[in-house]
Amino acid sequence: MKILVTGGSGFIGSHLVKELEKKGHRVDILSNIKSTNLKPNYIFADVTDRETMLKVVPKYEMVYHLAGLLGTSELITKAYEASRINILGTVNVLDAALQSKTKVVHITKPNCWLNTYSITKYAGESFAKMYQKEFGLP
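These numbers come from a predicted model, not from an experiment. (Residues numbered from 1 in each chain as written. Predicted model: local features only at pLDDT ≥ 70, side-chain atom pairs only at ≥ 80, totals over all residues. Heavy atoms only, no water.)

Asker: Describe the layout of surface pockets, naming the residues involved and giving the relevant values.
Answerer: Quantified by volume, the largest pocket comes out at close to 540 Å³. Forming the walls of the largest pocket are 24 residues, and the residues nearest its centre are Gly7, Leu66, Ala67, Gly68 and Leu70. Of all the secondary structure elements, the ones that give two or more residues to the lining of the largest pocket are helix H1 (11-22), strand S2 (26-31) and helix H4 (116-135). Tallying contributions element by element places H1 first for the lining of the largest pocket, with three residues. (1 Å grid on protein atoms, 1.4 Å probe; cavity = no way out; pocket = protein on both sides within 12 Å on 5 of 7 lines; lining within 4 Å. Points joined across faces, edges and corners; volume = space filled by probe spheres on them. Helix = DSSP H or I, 4+ residues; strand = E, 2+ residues; numbered from the N terminus.)

Laid out in C-alpha cells, this is it:
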C-alpha cells in the first residue's frame, strides 16, 4: 500500500514509518522538520500549506496524520499558531483526502486537560470524525 505519514519525522511518526515499512508498505514522510537523515521518500512541506496538501494527499491510498504543534505549557501563549497547525492543518489533510477518498488515520491521544494542545488536537479529532460521518471519508 502507498502510505503518507504527516509528521513522520517526529518521535511517534518515525516509529510508525519503520513499522509500516517492515510490513512491506511504500511509505512517504511529510514533515516541516528538516532532518539530517533524509530519505528519498521525504516531502518537506507544511500541513498548513493548503495547495500542497490538495496536490500531495490524493496520491496515496492511506494517510496517517500525526503532524501537529506539540506542547502543553509551551503552547499556552501560542493559541493562534497551535490552532493554525493542529486544526487548519488537519482540515487541509481531510479536504485533500476527500478528493480521492484516501483513507485517513488521525492519530491523537485522550485529551482530558484544558490547555492549548489538548483543545486544538480535540478539535482536529472532531473534524476527522465529522468528515467520516458526513462525507464518508474512510
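Asker: Tell me about the pairing of strand S5 (residues 103-106), and name the residues and values.
Answerer: Here S5 shows a clear split, with Val104 and His106 buried on one side and none of Lys103 and Val105 buried on the other. After leaving strand S4 (residues 62-65), the chain enters helix H3 (residues 79-100) and then returns to the sheet as S5, a path that is right-handed. (Buried < 20%, exposed > 50% of the residue type's maximum accessible area, 1.4 Å probe, protein only. Right-handed = clockwise from strand over helix to strand, strands pointing away.)

Asker: Explain the environment of Gln132 residue by residue, including any values.
Answerer: With respect to the secondary-structure elements, Gln132 resides in helix H4. The sequence separation of Gln132 and Lys121 amounts to eleven residues, and the corresponding C-alpha distance is 17 Å.

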